[in-house]
Every structure is written in C-alpha cells, then in structure tokens.
Amino acid sequence: MTNDSDRTVAASVDWDAQAATFDAEPDHGLGAPEVRTAWAERLRAWLPARPADVLDLGCGTGSLALLAAEQGHRVTGVDSSPAMVERARAKLAGRDAAFLLGDAAAPPVGEQLFDTVLVRHVLWTLPDPARVLRHWRGLLRPGGRFVLVEGVWGAVAPVGIPAERLTALLAPLAADVRVERLSAAAVLWGKEVDDERYAVVATV
C-alpha cells in the first residue's frame, strides 16, 4: 500500500514549517472539547490503568502526550522536528513529561524501558516497518503494549498501512493483538471520513 516514493514524500515534509499551524487540524490540536474528550476516552481505554511510562514517538506538538500526562502517566516524547518539540515542551510545561529531538524509528532513550509505545500516523512513513517494530519491541517492559493509530488515506493513490498488514507484522512480537476500527468515529477527526482509520493495541 505504501511504497518508497510515498515515504519519500512524507519524509520531505518540512515539519518545522508545519509546526505553527499543525494544531489547527481538529485531530492534531484537539482544540474542540468534544474531539479532545473523544481522544481522552480512547487513550484511557488503550493505556494502562495505573500510572505508567509512555513513549510517544513522532509526538508532534504533544497533544496526545498531554492527554496521557493528564491521566497520570509519565510521558517521554520524541520527534525529529525541533519546532514540534519546542511546542510540545511548552504545552506540557510543569508536567511529568520530557521531549527529545530524534528519530522515531530509533528513539534516543538509551537503556530506558517503557510500559507503552504510543504512535499515531507515523509508522507508515518509516522505512522497513517490520524492523522498526522489532526495535520498538525492545523498548517495552515485559507485559508492555503497543498503541498504534494508523490508517490508509486517499482514494486515487492511497498511502498508509492497512490494519491486516500491521497485525501480521505484530503477530511474532505480541501475545495479544486487538484492532479497533475508528473510521466511523467522526468525533475523533472533527469530520466524517471514508478512509481506513484504526488503532491496534498489542500486548507483549
């Protein structure tokens, strides 16, 4: 579904330039109360019930990280854009959160391990998703989980990663893999959508 040229286009986006307006999208900035509430409820269901260490990869301006922190989790965010990281740090100032500049595929977290790897709309842009998932698996504690929000976008030249492919990639890495379809949940996106959007929660 996604080829090298698609990933090249995604990688060529100037995310520093996008940072100033990134939160204008309803599902990025979560500015509308109903959108924010909908994402908070999903995260509460997907993340551990107890306070946990969450690694938010490709964290952008930190909107999901903020929701996780508000739910009592300790958050480490990683993004390759200095402008995005700066905005995330400002958004979560005073909270139990740290933001690092780095590659989501190989986050600069040293030997630190986490209870959850949280990724939204990032995996499909990375070369060799199977290798990346194996690396992320090594960042999880025993009993930890992946929370991966992905999809397939566009009718003419679709890009993304279908749920069936992602679950197949996770099968050797996780004991339990669950798919939650999100396309019909218009409140999450601030609009009706007709493409494939989903979350995979996989426990290792």
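Thresholds, definitions, all that
Residues numbered from 1 in each chain as written. Predicted model: local features only at pLDDT ≥ 70, side-chain atom pairs only at ≥ 80, totals over all residues. Heavy atoms only, no water. Phe/Tyr/Trp six-rings, centres within 6.5 Å; stacked < 30°, edge-to-face > 60°. Buried < 20%, exposed > 50% of the residue type's maximum accessible area, 1.4 Å probe, protein only. Helix = DSSP H or I, 4+ residues; strand = E, 2+ residues; numbered from the N terminus. Pairing = 2+ DSSP bridges. Right-handed = clockwise from strand over helix to strand, strands pointing away.

**Q** What exactly am I supposed to notice about the packing of aromatic side chains here?
**A** Two descriptors summarise a pair of aromatic rings, namely the distance from one centre to the other and the angle between the planes of the rings. Within the structure shown, the criterion is met by three aromatic pairs. Ring centres 6.4 Å apart and planes at 75 degrees place the aromatic pair Trp39 and Trp46 in the edge-to-face group. Of the two residues examined, Trp39 and Trp46, each falls in the buried class. Aromatic pair Trp124 and Trp153: ring centres 5.7 Å apart, planes at 50 degrees, arrangement tilted. On the criterion of sequence distance, the pair formed by Trp124 in the loop between β4 (114-120) and α7 (129-137) and Trp153 in strand β5 (residues 140-153) is long-range, its members being 29 residues apart. Three or more aromatic residues joined by ring pairs make a cluster, and in this case those are Trp39, Trp46 and Trp189.

**Q** How should I be thinking about the pairing of β5 in this particular structure?
**A** Residues in a regular strand project their side chains so that they alternate between the two faces of the sheet. For β5, the tally of buried residues reaches ten of 14 residues, placing the bulk of the element in the interior. Examined bridge by bridge, β4 and β5 share six bridges and lie parallel to one another. Residue Arg120 lies in a different strand from β5, and its bridge partner there is Val149. Examined bridge by bridge, β5 and strand β8 (residues 196-203) share eight bridges and lie antiparallel to one another. Within β8, the residue paired with Val149 across the bridge is Ala199. Between the antiparallel neighbours β5 and strand β6 (residues 159-160) lie five residues, among them Gly154 with a positive phi of about 95 degrees.

**Q** Looking at this structure, I do not really get the pairing of β4. What am I missing?
**A** Within β4, seven of the seven residues are buried, which leaves the element mostly enclosed by the surrounding structure. In this sheet, β4 lies alongside strand β1 (residues 53-57) in parallel orientation, the contact comprising four bridges. Bridge pairing in β4 links Asp56 to Leu118. On the question of chirality, the crossover connecting β4 to the parallel β5 by way of α7 is right-handed.

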